[in-house]
Amino acid sequence: MSASELGRLAAQSGEVIDRTSPIRFNWNGNSLTGFKGDTIASALMANGERIVSRSMKYHRPRGYMTADFWDPNGFVQVGDDPNVRSGHRLIEDGMTIEPQNVWPSLDRDIKAANGLVGRFLSAGFYYKTFIKPQKLWPAYERVLSTFAPGGKVDLDTPHRYHDKRYTHPDVVVAGGGPAGMAAAAAAAEVGANVLLVEHEHQLGGHLLWGSDADRAVAAELANRVSAAGVEVLTNTTLTGRYEDNWVGIVQRSHPLAVERLIKARAKILVVAPGLIERPYVFAGNDKPGVMLSGAVRRLVNMYGVKPGARAVVFTANAEGDAAAADLDRVGIDVARVVDARNGENVVSASGSSKSVKSVKLGDGSEVEADLLVTATGWTAPTSLLNMAGDRPVYDEGSARFYPSVTVDNVLSTGGISGDGSVDELVAHGEATGQLAAGRASVVKHRVQALTARSVPVAGPEPEWTADFRPELGRDDHPELFRSTTHGIVDFSEDVGSKDLVAAAKEGYDSVELLKRYTTATMGPAQGKLETVNTVAVLAEARGETIEQVGTTVWRPPYVPITLGGLAGRNFEPVRVSSIQPWHEANGVTPIIAGAWIRPEHYGNPADEVNNTRTNVGITDVTPLGKLDLQGPDVPKLLSQLYTNKWMKLPIGSVRYGLMCAEDGVVLDDGVTGRLGEEHYLMTTTSSGAASIWEWAENWLQTEHPEWQVHVTPVTTGYTSINVAGPKSRELVGRLVDDVDLSAEAFDYMRVRTGTVAGVENCIMWRIGFTGELSFELHVPSGYGLHVWETLMAEGADLGVKPFGLEAQRIMRLEKGHFIVGQDTDGLTQAPAVGMNALIKLDKEDFAGKAELAWAMESDQVPHVVAIQTVDPTIVPGEACQILKGTTNEIVGRITSSRMSPTLNRSVCLGQVDTAHAEAGTELTVLLRNGQRIKANVMSHHAHFDPEGERLRG
Amino acid sequence: MLLVPCPNCGPRNSSDLHYVGEAQARPNPSEATPTEWREYLYMEDNPAGWLRENWYCRSGCRQFFTLERHTGSNEFRNPPMPGNKVGGKA
Ligand SMILES: [Zn+2]
């Protein structure tokens, strides 16, 4: 017998392939033909291909075992897409499919020699190998990385579209078998809005590979689902259930997106995933040709594929009996039916590397066969119930786990709830659907009642529907996990029952430890196939029952989600100022700053600095946080938020302030101006715009609800332009008629309201982050572009040029102005920034007062200081450490550094400890390349114009 | 994701809100000892059971409010209270 015994059967009544639509694809360098509807697995087997991969550790040849999504042997590379599950993925015209994890080829794999050195890959080998001696680790790493399974990632792969969707159905049903379809239809028929999610490509579940009568039931249910208006998503899987029935759903069948991640808030979740067939553990159980009964029935009945020429069927249940009957019906020689219910057993399978050739039975006889079918029981995939708090309990009589905990808004039906005829499963599903719809209406009413401000809720709350469902039975099933020989338990991780026994002997005899130590259940199959056998082998090793050993906890995701699917479409708004079109038309290099896109520079930041210091520059500072404050108690709020005094700020004045959290750490800084009797405008840092608003609301709503202050965020309501440089007064003067801009009438730290370029109600203030004479204009945002363009046109003869964030940052560093979050961090208390005069401990209260009082007395606070390197050409990188003398003791770090175009030397700010903060202290700075250089602490924060003559001009 | 019953907006995803936590009563900053102040800053009851805690409806009504939540079941009880600071075991 040879691999060519595989092939295509005559047409089957239930097949899902379209024999009139041939599809050509490429496998391992050969051009093959399948039919529309074929999975890669069915198409390969129809073409006589039995070996599809090599196993992970021992590189043993492997063929299909389950021939579905969970097949541990079916991972292939499709084009640039690695780790494709070939038991599930449908073939497409021109598809290029390559085997993975084979070197140098699928047929002759050199690493199969691992089988000889298997002791190095035994239980816990990761831990044992990775520990000692440490100096050998680089060598281990090189060797191990060549063994790492998985396909090839193509870094040049084209960008593809992934999508996201949010939905709020009444009922989500996970699983479209008979019970799931009946539940979805029944719920929708009584008015619920239902989403039915099916993992496979068709609705129907196990009925699809059953009898003609089974398929008639499936078709009827599918019609009912459709007539009831259920939204059906096939080739789509529920990945997880989270708090309050927030469920993740991955849709692989979207017409435009590679993958779509759906986030649904289900009022009631119905879990109906069916059962997953368990492999049997015996010597040779991973040989190509050893298959599960479900795989064989699926291949024969749905795809018309001949899985072998001569079969032995080991059966413990009706599904195994049906597999034998299916094989017999299509003319495959069933050499022996081994009935576990009569105490018969399979001991081992042997053969060549390509296929099983002979099966040894419990009675000592040997039967020649190229196909060994096993039907030894079920794993209940209770994952979604686990995520809702359920802990499955083992039932000896039916040899599987069942849910044990009642969760009000998560209901289960179908195979995981129990056994029954198709009619019984449908009846249970229907009752579950009605129950789900009843409960969903109560949840809906509650949500409505809690949201009653918008839509009044009608009538009293309906009564919570009690569980009225008939219980499904539990069919007797022999407990079959391991034969008298040892074999593979976890096929994707190549973990055998011997490894598990050895690990248990080494002391890893708790199931959670065992799994991590051996990696059993931790591969791509994620326990779907191997959990129960793992637990059973451990129970045997411990001499206990499965119930005593317990099982592992299933966590999300139920199936893999691609990173593209998780990232998906971004719903976050992107903010730009009204001047953005001008920036884009004028060669801007943009920078992403929080939610904003803003100009970094327009070509050369140093030129922008020089022009601003010589002539006049304008910069778009719209992201600056702006809060409009009105009410009689604004001064009290300002006094509470800032460390300095605010009770007597005159109208028309602007003041700088520092804000601290209650632990004394610097939170934000900025200026606030008084526009009128009870009207102020506060500015915050760009990154603090949202959090300082919340901080102000916190004080107003929780600590001082008696204060009358109204806070309105106006960050995007104004376009903000800073006009800076010696010629800024002349430029602004050309646009403003109704405000006297002279130094006498409008001096430093004053605010005026007036008309700019014909735009009324603009706010102007004289401040100077750049250190130059400057006017900051806050213009109603609809006119921002107009004012900017007018400034550019009117200032042409003055040499006006725009400058970006980088030039602004250079100029502020030349002036020694710190930036919160850059020159300070989450531990920097206010006394560190050298503005103790602004910390007014004689105020009755302000945020952070208590900690600041103690910090002011301490010599343990760090200090923000200006630093200059002795060699003016070296710019130490930000975050370079400052060391104590020639030692390796860290006494600080560089927080900001740039080459100053104004001073033609490098300038820095840094944080140092008290012992190194004195002006003139010589510091050692450790550069990133390991070099140590000398630098000095300066006497003033400002490297340039320390007296501030320019900005006061 | 937890569904938080905002008194103004109705049930909202917890990601729409900012979890403030079990804020404590604020001592007088001019009189508090370091121990008292740091208990206010850092110490929490963190009970396994009913907890009075504060939320800020950041993406909705912008109101601070206090809820009682069971930390085991994530069930909420009693109507929310506006702008309250005192949290902890309930
Ligand atoms: Zn709200």
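Residues numbered from 1 in each chain as written. Chains lettered and ligands numbered in written order. Predicted model: local features only at pLDDT ≥ 70, side-chain atom pairs only at ≥ 80, totals over all residues. Heavy atoms only, no water.

### A look at the overall build of chain A
- Within chain A, the regular secondary structure consists of 23 helices and 50 strands.
- Taking the principal axes of the C-alpha coordinates as reference, chain A spans close to 110 × 75 × 55 Å.
- In the form shown here, chain A has an accessible surface area of approximately 38300 Å², with 52% of it arising from carbon and sulfur atoms.
- In chain A, which carries 90 positive and 117 negative side-chain charges, the distance between the mean positions of the two groups comes to 4 Å. (Helix = DSSP H or I, 4+ residues; strand = E, 2+ residues; numbered from the N terminus. Areas by Shrake-Rupley, 256 points an atom, 1.4 Å probe, with all protein chains shown as cover. Lys, Arg positive; Asp, Glu negative; His and termini not counted. Charge placed at Lys NZ, Arg CZ, Asp CG, Glu CD.)

### A closer look at the overall build of chain B
- Each helix and strand counted, chain B has one helix and seven strands in total.
- The helix and strand sequence of chain B, counted from the amino end, reads β-β-β-α-β-β-β-β.
- Seen through its C-alpha atoms, chain B measures out along the principal axes to roughly 40 × 30 × 20 Å.
- Counting all 90 residues of chain B, 41% fall into the buried class.
- Intrachain contacts of chain B at a sequence separation of at least 6 include 51% that bridge at least 24 residues.
- Here chain B contributes 10 positive and 10 negative side-chain charges, whose respective centroids are spaced 6 Å apart. (Buried < 20%, exposed > 50% of the residue type's maximum accessible area, 1.4 Å probe, protein only. Contact = heavy atoms within 4.5 Å.)

### Remarks on a negative patch on the surface
- The grouping of D423, E424, D475 and D476 of chain A at the surface amounts to a negative patch.
- Mapping E424 of chain A onto the fold places it in helix α9 (residues 422–450). (Patch = residues over 30% accessible without salt bridge, like charges linked within 9 Å, V, L, I, M, F, W, Y side chains within 5 Å. Salt bridge = Lys/Arg side-chain N within 4 Å of Asp/Glu carboxyl O.)

### Topic: the coordination of the zinc ion
All names here are of chain B.
- For the zinc ion, the full set of protein donor atoms is C6 (SG), C9 (SG), C57 (SG) and C61 (SG), at a range of 2.3 to 2.4 Å.
- With four donor atoms in place around the zinc ion and angles of 97 to 114 degrees between them, the coordination shape is tetrahedral.
- Accessibility expressed as a relative area gives 19% for C9, which makes it buried. (Donors = N, O, S within 2.8 Å, 3.2 Å for Na, K, Ca; no water. Tetrahedral: all angles 85-135°; square planar, octahedral: opposite > 155°, others 65-115°.)

### Observations regarding the nonpolar core
Residues and elements named next belong to chain A.
- Residues F25, W27, I40, Y64 and L327 are the most contacted members of the largest nonpolar core, which totals 44 residues.
- Where this core is concerned, the elements lending two or more residues are β2 (18–27), β3 (30–36), α1 (40–46), β6 (75–78), α6 (293–303), β20 (310–315), α7 (318–329) and β25 (371–375).
- Ranked by size, the runner-up nonpolar core spans 30 residues in total, among them I579, L741, F746 and V800. (Core = buried A, V, L, I, M, F, W, Y, C linked by side-chain atoms within 4.5 Å.)

### Thoughts on the pattern of salt bridges
All names here are of chain A.
- Applying the stated criterion across every chain, the model contains 54 salt bridges over all chains.
- For R310, the salt bridge goes to D333, with nearest N and O atoms at 3.0 Å. Separated by 23 residues along the polypeptide, R310 in strand β20 and D333 in strand β21 (residues 333–339) bring together distant segments of the chain.
- By relative accessible area, which is 36% here, D333 ends up partly exposed.
- Salt-bridge contacts for E922 lead to K934; the nearest nitrogen and oxygen are separated by 3.9 Å. Taken together, the positions of E922 in strand β49 (residues 922–926) and K934 in strand β50 (residues 932–937) put the pair 12 residues apart, joining distant regions of the chain.
- Counted as one network, the salt bridges with shared partners bring together R60, R62, D286 and D494.

### Some details on the sheet that holds strand β22 (residues 346–351) of chain A
Residue and element names in this part refer to chain A.
- With antiparallel pairing, the three strands of this open sheet are ordered in space as β22-β23-β24. The sheet is open, and its two borders are formed by β22 and β24 (366–368), each paired with just one other strand. Within the sheet, the average angular offset between the axes of one strand and its neighbour, ignoring direction, is 25 degrees.
- Pairing of β22 with strand β23 (residues 356–361), which is carried by five bridges, proceeds in the antiparallel orientation. Each residue of the ladder has a partner; that of G351, found in β23, is V356. (Pairing = 2+ DSSP bridges. Axes fitted to C-alpha atoms, helices over the stretch in contact; angles between N-to-C directions.)

### Observations concerning the confidence of the model for chain B
- Residues with a pLDDT of 70 or more make up 97% of chain B, whose mean pLDDT is 89.
- Two summary scores accompany this predicted model of the complex, namely pTM at 0.89 and ipTM at 0.96. (pLDDT = per-residue confidence, 0-100.)

### Observations regarding the domain arrangement of chain A
- Examined at the domain level, chain A breaks down into domain 1 (3–109 + 279–375), domain 2 (162–275 + 384–450), domain 3 (481–566), domain 4 (572–622 + 718–817), domain 5 (624–715 + 838–848) and domain 6 (859–953).
- A straight line from the C-alpha centre of domain 2 of chain A to that of domain 6 of chain A covers 64 Å. (Domains from an automatic or database assignment.)

### Re the packing of helix α4 (residues 178–189) of chain A against helix α5 (residues 212–227) of chain A
All names here are of chain A.
- Where α4 contacts α5, the axes come no closer than 9 Å and their chain directions differ by 30 degrees. Considered as vectors, α4 and α5 are oriented roughly parallel to each other. The element α4 and its partner α5 pack so that their crossing is left-handed. For the pair α4 and α5, the contacting residues are P178, M181, A182, A185, A186 and E189 in the first and A218, L221, A222, R224 and V225 in the second.
- A breakdown of the residues in the contact of α4 with α5 according to their chemical character gives nine nonpolar, no polar and two charged. (Parallel < 35°, antiparallel > 145°, perpendicular 65-115°, else oblique. Left-handed = near helix turned anticlockwise from the far one by under 90°. Nonpolar A, V, L, I, M, F, W, Y, C, P; charged D, E, K, R; others polar.)

### Here we look at the interface of chain B and chain A
- On the chain A side, the residues contacting the 32 residues of chain B number 28 residues.
- Together, the buried faces of chain B and chain A total about 2600 Å²; carbon and sulfur atoms form 51% of this surface.
- Put simply, chain B and chain A have three salt bridges between them.
- The salt bridge involving R26 of chain B is made with D845 of chain A; its shortest N-O contact spans 2.8 Å. (Buried area = accessible area lost by both parts, 1.4 Å probe.)

### Describing helix α17 (residues 634–641) of chain A
Residue and element names in this part refer to chain A.
- Counting buried residues in α17 gives seven out of eight residues, a clear majority hidden from the surface.
- Those residues of α17 that sit buried are V634, P635, L637, L638, S639, Q640 and L641.
- Its buried side turned inward, α17 meets β35 (625–630), β36 (654–660), β37 (666–676), β38 (679–684) and α18 (689–703).

### Description of the packing of aromatic side chains
- In total, this model carries 15 aromatic pairs over all chains according to the counting rule given.
- Ring geometry for F746 of chain A versus F775 of chain A: centroids 5.8 Å apart, planes at 70 degrees, classification edge-to-face. Highlighted residues: F746 of chain A in the loop between α19 (728–733) and β41 (751–756) and F775 of chain A in strand β43 (residues 774–780), separated in sequence by 29 residues.
- The exposure class of F775 of chain A is buried, given its relative accessible area of 0%.
- Each residue in the set F69, W70 and Y558 of chain A is aromatic and connected to the rest through ring pairs, giving one cluster.
- Positioned above the aromatic ring of F775 of chain A is the side chain of R766 of chain A, whose terminal nitrogen or guanidinium carbon lies 5.9 Å from the ring centre.
- Sitting above the plane of the W50 of chain B ring, R77 of chain B keeps its charged end 4.2 Å from the centroid. (Phe/Tyr/Trp six-rings, centres within 6.5 Å; stacked < 30°, edge-to-face > 60°. Lys NZ or Arg CZ within 6 Å of the ring centre and 35° of its normal.)

### Observations concerning the confidence of the model for chain A
- Mean pLDDT over chain A stands at 93; residues scoring 70 or higher make up 94%.
- The low-confidence segment residues 114–120 of chain A, where pLDDT is below 50, has nine contacts with residues more than four positions distant or belonging to other chains.

### Re the pairing of β21 of chain A
All names here are of chain A.
- One ladder, built from six bridges, connects β20 with β21; its direction is parallel. Residue pairing across strands places T315 opposite D339, the latter belonging to β21.
- Each parallel crossover has a hand, and the one from β20 via α7 to β21 is right-handed. (Right-handed = clockwise from strand over helix to strand, strands pointing away.)

### A look at the sheet that holds strand β45 (residues 863–869) of chain A
Residue and element names in this part refer to chain A.
- Sheet architecture is closed into a barrel: six strands sit in the order β45-β48-β47-β46-β49-β50, paired in antiparallel fashion. On average, each strand axis in the sheet is tilted by 45 degrees relative to the strand beside it, whichever way the strands run.
- In this structure, strand β47 (residues 890–900) lies alongside strand β48 (residues 905–912), joined through eight bridges in antiparallel fashion. Within the sheet, the bridge partner assigned to R893 lies in β48 and is Q911.

### Structural notes on unusual backbone geometry
Residue and element names in this part refer to chain A.
- At the junction of P556 and P557, the peptide bond is cis and its omega measures out at 0 degrees in the coordinates.
- In this fold, P557 is placed in the loop between α13 (546–549) and α14 (563–567).
- The phi dihedral of D494 falls on the positive side, at around 55 degrees, and the residue is not glycine.
- By secondary structure assignment, the location of D494 is in the loop between β30 (488–490) and β31 (495–496).
- Look at D494 and you get buried, because its relative accessible area is 0%.
- The backbone of A757 shows a phi angle near 50 degrees, a positive value even though the residue is not glycine.
- Accessibility expressed as a relative area gives 17% for A757, which makes it buried.

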